[in-house]
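Results of the structural survey
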Amino acid sequence: MSDRISPCGSEPMLRVSRAGFALSDAALYLDTHPQDAAALAYYQKMRAIHDAAVADYTAQIGPLSANDVLTDNEWAWIKNPWPWQTEG
Amino acid sequence: MWNYERRLQCPVSVKNPNPKLAQVILAAYGGPDGELGASMRYLSQRFSMPYRGAIGVLTDIGTEELGHLEIVSALVYQLTRNLTPEQIENSGFAPYYVDHTTGIYPCSAAGVPFSAGAFQSKGDPITDLTEDLAAEQKARTTYDNLLRLIDDPDVREPIRFLRAREIIHFQRFGEALRNVQEQLDAKNFYAFNPAFDPGAKQ
C-alpha cells in the first residue's frame, strides 16, 4: 500500500482494467457460445493475466475487493480514494 | 449476490466542471432509457427465464449495467464539483441544485424521477428478450444524442465506451433470442409460453 501512486490512473490499475474488460466481454460471449474452443482458450489466458494484475494492484496500492484486504493494523478497504474521487 | 470491485469499468477523470452537461448526462443514469432501468429490467426478468444460457446473459449484462450507472454517476459527480453560484444560475442547473444540491439522484434530463414504468418484466422469454433488444437500441440512441452535445474529450470517451457496450449487448441478446427460438416449435414460436405453460419447455 502506498499513498504516492494515484489508484485510478496508475499502471497497475490500467492492467487490471484491460484484463478485467477482456474477461467480462469474453464471459458474455461465452454465455451464447458455450462450446467455442477459441473463446474458452482466450478466457483462460486472460484470466491468468487478470489474476496476476489484481495481485499486483493489491500488493502495490490496495484491495480491489473487501475479500482481498490484507489486515495488519488497519482496515485498508477505506483508505484509498473511491473510484469516482479522481483529481480532475 | 454481488461483491463490489473498487474500480470503474471505464476510468472517469473530468477536469472542467459543466453543470449544463451534468444535467443531460443524468438521463443515462435514471432516465427512461438509462442504466438503472436497464439493470433492473434484466435482473428482474431472469427469474422466469426457463433457459440457463439466457439467464446467464441477463445476469451478466444486468451486472455490467450496475457498473455503467456507476460510470454515469461519476461523470455527473465530477461535472458538478466546485461549482460557483454564478455557474449554477447561468447553466439551467438551478432547479436540480435546489432539490438535490450536487447529490446524485436518478432522474431524467427533464428532472422526472426514475420510474420502473420505463421497463417491463413480462414473464415470456420471446417478449422479454425482444424488449431487451429495443432497450439496448434506445440506450444507444440516448448516447448518440448526448455525443452531439459534448465537446469535452474527458466526457466523450466514457460516453463512447458506454455506447459501444450497448451495441455488444444488443448482439448478445439477439443470440440469446435465437437460442431460445431454437428450443421452441419452429412452425410457431408463439404456440405456448415456455415460462408458464406446464410441460411445454423442451
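Each remark here, short or long, concerns the structure printed above.
Presented here is a report on the structure given in the accompanying data block. (Residues numbered from 1 in each chain as written. Chains lettered and ligands numbered in written order. Predicted model: local features only at pLDDT ≥ 70, side-chain atom pairs only at ≥ 80, totals over all residues. Heavy atoms only, no water.)

Considering the packing of helix α3 (residues 35–45) of chain B against helix α7 (residues 125–149) of chain B
Packed helix pairs are characterised by how far apart their axes lie and by the angle those axes make with each other. All names here are of chain B. One way to put it is that α3 packs onto α7 with a least axis distance of 11 Å and a crossing angle of 165 degrees. Classified by the angle their axes make, α3 and α7 are roughly antiparallel. Helix-helix and strand crossings are classified by hand; for α3 and α7 the assignment is left-handed. Contacts from E35, R41, Y42 and Q45 in α3 reach D128, E131, D132, A135, E136 and Y143 in α7. Grouping the constituent residues of the contact of α3 with α7 by class yields 3 nonpolar, 1 polar and 6 charged. (Axes fitted to C-alpha atoms, helices over the stretch in contact; angles between N-to-C directions. Helix = DSSP H or I, 4+ residues; strand = E, 2+ residues; numbered from the N terminus. Parallel < 35°, antiparallel > 145°, perpendicular 65-115°, else oblique. Left-handed = near helix turned anticlockwise from the far one by under 90°. Contact = heavy atoms within 4.5 Å. Nonpolar A, V, L, I, M, F, W, Y, C, P; charged D, E, K, R; others polar.)

Topic: the interface of chain B and chain A
Often, the extent of an interface is quoted as the loss of accessible area upon association of its parts. In this assembly, 30 residues from chain B lie in contact with 28 residues from chain A. Interface area for chain B against chain A, summed over the two sides, is near 2300 Å², with a carbon-plus-sulfur share of 54%. Among the residues of chain B in contact with chain A, R6(B), R7(B) and R172(B) are the three that bury the most area, contributing 34% of the side total. Run the count over chain B and chain A and you get 1 salt bridge. Notably, a salt bridge pairs D25(A) with R165(B), separated by 2.9 Å at the nearest N-O pair. Counting the contacts that link chain B with chain A gives 10 residue pairs in polar contact (both at pLDDT 80 or more). Counting residues per element, the side of chain B that touches chain A draws most heavily on helix α4 (residues 52–79) of chain B, which supplies 10 residues. (Buried area = accessible area lost by both parts, 1.4 Å probe. Salt bridge = Lys/Arg side-chain N within 4 Å of Asp/Glu carboxyl O. Polar contact = N/O pair within 3.5 Å; in protein donor to acceptor, adjacent residues only side chain to side chain.)

Some details on the nonpolar core
Residue and element names in this part refer to chain B. Counting residues in hydrophobic clusters, the biggest one holds 31 residues, and the most contacted among them are I25, V155 and I159. When residues of this core are traced back to their parent elements, those giving at least two are α1 (19–25), α2 (27–30), α4, α7 and α8 (153–182). With 7 residues, α4 is the largest single contributor of residues to this core. The contacts of I25, once residues within four sequence positions are left out, are V72, L75, V76, L79, L146, I150 and V155. Judged by nonpolar contacts, the second largest core, of 18 residues, contains V57, I126, A176 and V180. (Core = buried A, V, L, I, M, F, W, Y, C linked by side-chain atoms within 4.5 Å. Buried < 20%, exposed > 50% of the residue type's maximum accessible area, 1.4 Å probe, protein only.)

Considerations on the pattern of salt bridges
Throughout the structure, instances matching the rule amount to 11 salt bridges over all chains. With a shortest N-O distance of 3.9 Å, K138(B) and D33(B) are connected by a salt bridge. Of the two residues, K138(B) is situated in helix α7 and D33(B) in the loop between α2 and α3; the sequence distance between them amounts to 105 residues. Assessed through its relative accessible area of 26%, D33(B) is described here as partly exposed. Overlapping salt bridges, with partners in common, bring together D25(A), E64(B) and R165(B) in one network.

Looking at the side chain of R81(B)
If you trace the backbone, R81(B) turns up in the loop between α4 and α5 (85–91). We classify R81(B) as buried; its relative accessible area is 19%. A polar atom in the side chain of R81(B) sits 2.6 Å from the backbone oxygen of T86(A). A polar side-chain atom of R81(B) sits 3.4 Å from the main-chain carbonyl oxygen of V14(B).

A short note on unusual backbone geometry
Residues and elements named next belong to chain B. Positive phi, close to 55 degrees, is recorded for N82, a residue that is not glycine. Structurally, N82 is set in the loop between α4 and α5. A residue is classified by how much of its surface remains accessible, and N82, at 72% relative accessible area, is exposed. Non-glycine residue T101 carries a positive phi angle of around 50 degrees. Structurally, T101 can be placed in the loop between α6 (94–100) and α7. Relative accessible area serves as the criterion here: at 47%, T101 is assigned to the partly exposed category.

Notes on the side chain of S39(B)
Checked against the element boundaries, S39(B) lands in helix α3. Residues contacting S39(B), with those up to four places away along its chain left out, are G62(B), E65(B) and L66(B).

Focus on α8(B)
Over its 30 residues, α8(B) runs 44 Å from end to end, which matches the ideal 44 Å to within 8%, given 1.5 Å per residue. Capping the start of α8(B), D152(B) holds a side-chain oxygen 2.9 Å from the backbone nitrogen of D154(B), two or three residues further along. (Expected span 1.5 Å × (residues − 1).)

Digging into the packing of aromatic side chains
Tallied over the full model, the rule gives 7 aromatic pairs over all chains. Relative to Y4(B), the ring of W82(A) lies with its centre 6.3 Å away and its plane at 40 degrees, an arrangement referred to as tilted. With one member in each of two chains, W82(A) in the segment after α2 (37–60) and Y4(B) in the segment before α1 form a pair that bridges those chains. The class of Y4(B) is partly exposed, set by a relative accessible area of 32%. For the pair F189(B) and Y190(B), a centre-to-centre distance of 6.4 Å together with 80 degrees between the ring planes defines the contact as edge-to-face. For Y190(B), a relative accessible area of 62% puts it in the exposed group. Among the aromatic side chains, those forming a connected cluster through ring pairs are W77(A), W82(A), W84(A) and Y4(B). Residue placement shows R6(B) over the ring face of W82(A); its charged tip is 3.8 Å from the ring centre. (Phe/Tyr/Trp six-rings, centres within 6.5 Å; stacked < 30°, edge-to-face > 60°. Lys NZ or Arg CZ within 6 Å of the ring centre and 35° of its normal.)

Scope: geometric values only; no functional claims are made or implied.
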